[in-house]
Amino acid sequence: MTTQLVSETVAVFQTEPPLHPLDPLSAAEVSAATAILKDCVNLAATAQFVMISLQEPPKPETLEFGPTDNPDRCAFIVTYDRTERLIREAVVSLTSRTVLSWTPVPERFPSFIWEDMGAIEELVRADPRWQEAMGKRGVTDFSLAMIDPWPAGFVSPSDDPKTSPRLCRP
């Protein structure tokens, strides 16, 4: 990522300012935030963006922003590197085009991402036990079955994230 591209991406953000400091990030701001992070840190090729959202600014004492209040516009970013099995959290200033923090968060795992959904569906469809169960219910065209993976949560000590980090119930 070149600095030129970061500048161009951020320029898009600057032409579309939010109406209120607590407005969600626009698509242009999300693009700018990812470009800034990629340009400023050594992001592994295997890292994936899990979440990008507004890092809310500190609230005024009155809890109301005035028309002249213009706090730093920041994005909160969560990345996950499958190779390292590591989440990192970042705060990126869209105003100053800098990374304010870049923090590893060990022993935590992200929510499921789009790539996981397809992989889980393929695993379930290929499972002979699932195919047998569907056959008992009269389903012969497995491509017609909808398989939705839902996070399983932590329900027992066997679900300890250190031993079984990414559980789901398809």
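Read on for a plain summary of the structure. (Residues numbered from 1 in each chain as written. Predicted model: local features only at pLDDT ≥ 70, side-chain atom pairs only at ≥ 80, totals over all residues. Heavy atoms only, no water.)

1. Here's the deal with the sheet that holds strand S3 (residues 86–93)
Piece 1. The strand order S1-S2-S3-S4 describes an open sheet built from four strands, whose pairing is antiparallel. On the outer flanks of this sheet lie strand S1 (47–55) and strand S4 (98–105), each paired with one strand and no other. Along the sheet, successive strands turn relative to each other by an average axial angle of 20 degrees, direction set aside.
Piece 2. In terms of strand pairing, S1 meets strand S2 (residues 74–81) through eight bridges, oriented antiparallel. Looking at S2, one finds that Phe49 is bridged to Thr79. (Pairing = 2+ DSSP bridges. Helix = DSSP H or I, 4+ residues; strand = E, 2+ residues; numbered from the N terminus. Axes fitted to C-alpha atoms, helices over the stretch in contact; angles between N-to-C directions.)

2. Observations regarding the pattern of salt bridges
Any two side chains of opposite charge can pair, so long as their charged atoms come close to each other.
Piece 1. Under the definition given, this model contains seven salt bridges.
Piece 2. As a salt-bridge pair, Arg108 and Glu89 come within 3.1 Å of each other at their nearest N and O atoms. One end of the pair, Arg108, is in the loop between S4 and helix H3 (114–126); the other, Glu89, is in strand S3, and 19 residues separate them in sequence.
Piece 3. The exposure class assigned to Arg108 is partly exposed, which follows from its relative accessible area of 42%.
Piece 4. A residue is classified by how much of its surface remains accessible, and Glu89, at 19% relative accessible area, is buried.
Piece 5. The partner of Arg129 in a salt bridge is Asp127, and the shortest N-O contact between them spans 2.6 Å.
Piece 6. Accessibility expressed as a relative area gives 18% for Asp127, which makes it buried. (Salt bridge = Lys/Arg side-chain N within 4 Å of Asp/Glu carboxyl O. Buried < 20%, exposed > 50% of the residue type's maximum accessible area, 1.4 Å probe, protein only.)

This is a description of form; function is not addressed.
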